[in-house]
Amino acid sequence: MASITLKNVDKTYDGDVKAVSGFDLEIKDKEFVIFVGPSGCGKSTTLRMIAGLEEISSGEIYIGDRLVNYVEPRDRDIAMVFQSYALYRHMTVYKNMAFSLKMHKVPKEEIDRRVRETAEMLGLTHLLDRKPGALSGGECQRVALGRALVRSPSVFLLDEPLSNLDAKLRSDMRAEIIKLHKKLQTTFVYVTHDQTEAMTMGDRIVIMKKGLIQQVDSPKDIYDHPKNKFVAGFIGTPQMNFFDGEIKTEGGRCFAEACGSRFAISGGYAAFSGRKVCVGVRPEHMELCAGAAPENVISGGRIELVELLGSDINVHASLGDIRFVVRSQWQSGLEMGSAVNVRVDTSRIHIFDAETEENLAMTETEAEA
Amino acid sequence: MTRKQPGPEQLRRRKDRLNSLIYLSPSLIGVMVFFLVPFMVVIYYSVIDNPVNKDFVLIDNFIKVIKNSAFKQAAANTAKFSLVAVPGAVVLALLLAMLLENKIPGKSRFRTFFLSPMMVPVASVVLIWQVIFHYNGALNGLLSVFGVDPIDWMKTDYSQIMIVILFWWKNLGYNMILFMAALANIPKTLVEAASVDGASSFSRFWHIKIRYLSPTILFVTILSLINSFKVFREVYLLTGDYPYETLYMLQHFMNNKFSSFDYQMLSAAAIIMAVVIVAIIGALFYAENRFGKDVEQ
Amino acid sequence: MRKKRTDNKLLRSRRRRVIKIALLTLWAAAFAFLFLMPTVLTITNSFMSASEITANYGVIFETTKSGGKAYISERVNLKFIPDKVTFKQYITVLLKSPEYLLKFWNSVILVVPIVIFQVLIALSAAYSFSRFRGKGKEVIFFAYIVLMLMPYQVTLVPNYLVAEKLGLLGSRWAVILPGVFSPFSVFILTKCMRRIPEDMIEAARLDGASEWHIFTRICLPMCRGAIYSVVILVFIDYWNMVEQALIMLPDTDMQPLSIFLSKINAGEIGLAFAVATIYMVPTILLFLHGEEHLVEGITYSGGLKG
């Protein structure tokens with residue numbers, strides 16, 4: 001079986017630089033898990049520890065039932081696709097793909113069959129006799145995939161495989177990889193810094209920051225229920241808007257006061273009355289409205305910039321020192337400098353503690369993936 | 001009729017050409033005077049029969065040299081020596097470099113130690129070599145502990161083993177540095193990919209690393225080849241003007257011809273050597289080109 | 001139960017790793033010993049009195065393993081031999097037999113000018129080769145490389161002929177001049193200068209710098225490491241000189257110590273060690289002081305392609 005379990009894994013470099021701390025995760029067999037986060041968050045390091053390319057400072061990693069801490073990469077039954085593809089430049093595509101089978105002493109006819117099958121699957125058959133130097137970026141990428149595929153490993157590790165491709169290729173390849181996963185029914189662990197990739201490709205996403213796991217959940221859950229301000233801000237384009245504010249109770253109702261206005265929030269927040277908070281609202285959960293209102297509307301904003309995105313627009317607005325973005329359908333009459341009012345969908349507001357940055361709604365109800 | 005004035009670009013180019021020559025001239029003049037022009041004279045001398053008659057005899061001198069028994073001896077010795085010493089210098093240095101690749105304590109200290117023979121003048125260390133390799137010396141002493149009879153290192157065929165060891169002692173450090181740099185330049189992800197693909201340590205080396213090492217292997221081979229001719233120094237300082245026959249090297253041959261003012265032989269021999277060396281190096285280059293083509297960086 | 005099994009496995013692999021490193025370190029130490037031994041022996045033996053040397057090496061090296069072995073087994077970390085340490089040999093060299101110092105001076109007066117002028121001329125040539133390219137230039141550079149590859153057996157003949165023509169035979173110039181124009185330094189320094197980014201030069205030119213300024217203010221400082229290592233390499237090579245001196249300087253008075261040392265009689269062995277150690281000093285100093293540069297320079301010289 002090809003589940004992966006990481007128990008309290010740490011990685012420390014000399015000089016006490018902790019790249020990864022207390023990483024706990026259970027990846028189920030056949031799952032597509034994505035590690036995502038800003039550079040330096042430890043996602044590649046963790047992947048490489050699973051692969052056996054980095055030593056584990058403390059903790060345990062199991063592939064299936066097997067403890068693999070000191071098992072050589074080549075005995076772990078894994079395959080890896082590198083960001084730079086790492087193709088053997090002096091070997092043909094065929095030999096590149098055949099290499100690992102050769103290392104495992106697979107008989108020649110079997111090698112030939114499997115290489116050709118995989119090449120067929122990836123559309124590489126006509127390239128088998130070429131050397132990597134004569135291939136384009138996308139073709140190299142597919143060869144790298146093929147090289148990993150040919151081994152039918154129990155675990156697939158991919159380290160930012162699409163980073164070196166241009167945008168169009170990237171979106172094509174994304175679809176290819178998803179299809180591949182469905183077809184192969186193998187465990188995929190994928191590392192990326194691109195949150196779009198993370199959201200569209202994974203069964204579950206592991207968001208990391210500075211070596212620590214921030215949240216592990218399905219894309220939808222992360223989007224709807226981000227555990228802290230970092231996660232909320234990392235996922236979603238354009239980025240969620242954040243406003244400093246305070247929780248107030250009045251006449252039995254709860255409000256979040258921010259942006260010169262107040263927003264009705266659920267009564268469950270009453271316990272946090274008086275707390276300084278950060279109010280988060282996604283641009284797509286705000287809309288331009290005509291007039292001001294006492295509640296749930298930011299009034300007196302000024303349009304700074306309108307970005308045209310086809311049928312949608314991003315309206316960048318400001319209120320004094322505060323800046324925010326509203327996602328809306330295209331409308332006419334929006335000019336820079338003109339006044340604007342924005343209604344907020346209060347059912348989609350997130351309240352984060354100003355200090356801990358934790359999502360207050362999730363501190364009581366333990367949101368577990 | 002006004003003459004066309006040269007534009008600023010042309011002026012610049014003219015100035016460049018002038019500067020280029022000026023900066024090169026000291027070196028170029030020296031090289032021409034001391035090497036290139038006299039080499040033409042050498043070629044001239046090699047094709048005439050003597051400085052008095054100046055008759056052209058073309059390849060006669062060359063044939064005379066090749067047939068000369070002393071030359072044959074020297075050439076054979078040199079060839080035998082190089083065939084063992086040079087590949088050894090390459091392979092052993094590579095092994096040493098790979099040894100130091102690992103995480104052993106005091107790595108840089110070891111590097112200094114391995115490089116140290118380079119800084120010791122041959123003249124200084126020859127004394128200890130005599131102590132070690134003399135018939136009554138330390139090495140035979142050590143061998144006798146294992147029940148091996150004493151060997152005359154200097155006056156038998158074993159002398160060739162001795163100078164190979166001396167050669168390696170002096171040159172391995174330098175070659176090792178070159179290999180260490182080359183090993184460090186192999187793209188890490190490639191080796192990792194091979195690791196994941198299932199290659200053992202040996203396979204990783206044999207299938208991947210060697211390709212990236214081939215330019216350095218070429219360079220170290222050529223360098224060691226050139227240095228192998230300098231082993232004359234050790235031989236001369238150890239054995240003087242009249243070494244044992246297996247230690248008789250080309251330089252000995254040349255020295256003799258110098259003292260007898262036989263310019264014809266000298267010139268012919270020098271040219272033969274030059275041609276052979278250029279041919280060997282050319283062949284090596286060609287071989288490396290075929291082998292290391294794809295992984296050019 | 002499961003935890004215990006995995007713990008053992010971890011321990012075993014860790015132990016295997018430690019053993020591997022230990023073995024490798026042992027190998028490295030063994031090699032290091034072999035490489036260092038002759039040098040260290042020479043130095044330590046120079047501090048032995050004449051009687052001890054004779055006792056150990058004899059006029060015809062009559063002692064066997066006790067002679068040589070005693071020092072080897074005591075070696076390890078000790079710098080001095082258990083028997084008396086004496087500076088007597090050095091005193092003899094310095095005061096009573098100054099002829100060795102004369103020969104030392106011979107070496108100096110040959111090698112130092114060669115090093116200085118070879119590097120200077122090479123810097124100038126390297127500048128020309130790196131800044132001003134052209135078909136003809138490349139041909140000349142190629143000729144330089146071919147010349148560099150020739151052993152002394154080939155280059156001595158033309159050198160000799162010129163020396164004879166110019167009447168320099170038997171004088172120091174016959175050795176110094178060919179050494180000054182040796183293409184080795186040109187090769188390394190050209191490689192170094194060619195590495196300097198073109199934009200920097202362009203910017204300087206735009207700023208109005210003259211050719212000389214670019215040469216001295218930009219190229220030279222940037223090649224400092226390469227210059228240092230070239231100095232060391234050239235010095236070491238010529239400090240070891242034997243072939244040229246034999247041919248061009250038949251007069252023993254002029255010969256450098258590199259040759260003369262081998263002519264020491266059997267009766268003065270102790271002296272020989274001291275002289276040998278003295279002869280080592282310049283190169284050892286250069287080496288220790290500039291090892292990093294040296295390594296850098298050696299790495300530079302690797303790779304003949306561009």
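Just so it is clear, the structure is predicted and the values come from calculations on it, not from any experiment. (Residues numbered from 1 in each chain as written. Chains lettered and ligands numbered in written order. Predicted model: local features only at pLDDT ≥ 70, side-chain atom pairs only at ≥ 80, totals over all residues.)

Student: Hey, could you run me through the nonpolar core in this one?
Tutor: Soluble globular proteins: nonpolar side chains tend toward being buried together. By size, the foremost hydrophobic cluster in this structure holds 172 residues, and its most contacted members are B:Ala93, B:Ala269, C:Leu189 and C:Phe235. Look past the residues within four positions of C:Leu189 in its chain and what remains in contact with it is C:Ala122, C:Leu123, C:Ala126, C:Cys223, C:Ala226 and C:Val230. One finds A:Val9, A:Met201, A:Cys254 and A:Phe324 within the second-largest nonpolar core, a separate group that totals 110 residues. (Core = buried A, V, L, I, M, F, W, Y, C linked by C-beta atoms within 7 Å. Buried ≥ 20, exposed ≤ 12 C-beta atoms within 10 Å, placed from the backbone. Contact = placed C-beta atoms within 7 Å.)

Student: For this particular structure, what's the right way to read the sheet that holds strand 10 (residues 212-217) of chain A?
Tutor: In any sheet, the strands associate via hydrogen bonds between backbone groups, in a parallel or an antiparallel arrangement. Residues and elements named next belong to chain A. With mixed pairing, 6 strands are arranged side by side in an open sheet as 6-7-8-3-9-10. Each having just a single partner strand, strand 6 (78-81) and strand 10 make up the two edges of the open sheet. Going from strand to strand, the sheet's axes swing by 15 degrees on average, the running direction of each strand aside. Across the face of the sheet, helix 4 (residues 137-149) comes into contact with strand 6 and strand 7 (155-159) while running at roughly 175 degrees to strand 6. (Pairing = 2+ DSSP bridges. Helix = DSSP H or I, 4+ residues; strand = E, 2+ residues; numbered from the N terminus. Axes fitted to C-alpha atoms, helices over the stretch in contact; angles between N-to-C directions.)

Student: I keep staring at the domain arrangement of chain B and nothing clicks. Help me out?
Tutor: Accessible area lost during the coming together of the parts is what is often quoted as the interface size. Residues and elements named next belong to chain B. In terms of domain boundaries, chain B breaks down into domain 1 (1-46) and domain 2 (61-296). Of note, the centres of domain 1 and domain 2, computed from C-alpha atoms alone, are 38 Å apart. Each partner contributes to the interface: domain 1 provides 4 residues, whereas domain 2 provides 7 residues. (Domains from an automatic or database assignment.)

Student: Can you help me understand the pairing of strand 13 (residues 261-265) of chain A in this one?
Tutor: One face of the sheet, then the other: side chains in a regular strand alternate in exactly this way. Counting buried positions along strand 13 of chain A gives 4 out of 5 residues, so the element sits mostly inside the fold. Counting the residues between successive antiparallel strands, the hairpin from strand 12 (residues 253-258) of chain A to strand 13 of chain A contains 2 residues, one of them, A:Cys259, with a positive phi of roughly 60 degrees.

Student: How should I be thinking about the interface of chain A and chain B in this particular structure?
Tutor: Contact residues are listed per partner, giving 19 residues for chain A and 14 residues for chain B. Broken down by secondary-structure element, the contributors of at least two residues to the side of chain A that touches chain B are strand 6 and helix 2 (93-103) of chain A. Considering only residue class, the side of chain A that touches chain B consists of 11 nonpolar, 5 polar and 3 charged. (Nonpolar A, V, L, I, M, F, W, Y, C, P; charged D, E, K, R; others polar.)

Student: Help me understand the confidence of the model for chain A, please; the structure alone is not making it clear to me.
Tutor: Detailed conclusions should not be drawn from predicted coordinates in areas where pLDDT is low. The predicted model of chain A averages 89 in pLDDT, with 98% of residues at 70 or higher. Across chain A, the secondary-structure element scoring lowest on mean pLDDT is helix 9 (residues 360-364) of chain A, at 75, and the one scoring highest is strand 3 (residues 32-36) of chain A, at 95. (pLDDT = per-residue confidence, 0-100.)

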